[in-house]
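# Structural features, examined
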Amino acid sequence: MSTIGARLNVFIGLLLVLSALSLINAQYQARRLFIEMERAQTLSQQYEIEWTQLKLDQSTFGKHSRIEAVANKELGMVHVTPDRTQYLSAEVVK
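## A short note on the overall build of the protein chain
Check the secondary structure of the protein chain and you find two helices and zero strands. Scaling as 2.2 N^0.38, a compact globule of 94 residues should have a C-alpha radius of gyration of about 12 Å, whereas the protein chain reaches 38 Å, well beyond that. In terms of overall dimensions, the protein chain has a C-alpha envelope of 125 × 40 × 15 Å along the principal axes. Across the 94 residues that make up the protein chain, the buried fraction comes to 1%. In the form shown here, the protein chain has an accessible surface area of approximately 9,500 Å², with 63% of it arising from carbon and sulfur atoms. Taken together, the 10 basic and 9 acidic charged side chains of the protein chain have centroids lying 12 Å from each other.

## Considering the environment of Asn 25
Residue position: Asn 25 is located in helix H1 (residues 2–61). For the pair formed by Asn 25 and Lys 94, sequence separation is 69 residues and the distance between their alpha carbons is 94 Å.

## Quick look at a nonpolar patch on the surface
Among the surface-exposed residues, Leu 8, Phe 11, Ile 12, Leu 14, Leu 15, Val 17, Leu 18, Leu 21 and Ile 24 lie close enough to one another that they form a single nonpolar patch of about 880 Å² accessible area. Here Leu 15 falls in the partly exposed class, since its relative accessible area comes to 44%.

Reading guide: rules and limits
Residues numbered from 1 in each chain as written. Predicted model: local features only at pLDDT ≥ 70, side-chain atom pairs only at ≥ 80, totals over all residues. Heavy atoms only, no water. Helix = DSSP H or I, 4+ residues; strand = E, 2+ residues; numbered from the N terminus. Rg over C-alpha atoms; globule rule 2.2 N^0.38 Å. Buried < 20%, exposed > 50% of the residue type's maximum accessible area, 1.4 Å probe, protein only. Areas by Shrake-Rupley, 256 points an atom, 1.4 Å probe, with all protein chains shown as cover. Lys, Arg positive; Asp, Glu negative; His and termini not counted. Charge placed at Lys NZ, Arg CZ, Asp CG, Glu CD. Patch = residues over 30% accessible without salt bridge, like charges linked within 9 Å, V, L, I, M, F, W, Y side chains within 5 Å. Salt bridge = Lys/Arg side-chain N within 4 Å of Asp/Glu carboxyl O.

Take it as geometry only, folks, not as evidence of what the structure does.
This is the structure in structure tokens:
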């Protein structure tokens, strides 16, 4: 009986060691995944801030008054008036 008891103790000890190694591996994977999740959340927050800034820029730069001011200042464009309008007439050749 002592041989069977010794083998049983070795088998149970081996199972205990394997179980402990499995637990260590599971904890390591959980920590790694948690760190990865934290990084993804931080990146998501950065993207959200950037998206908000882009929406603000779009609303600012897309306003008619801003476009008109840039056209006047940088391109030298002015409003069309009847005094500056030239009309062309064409002759119909038969």
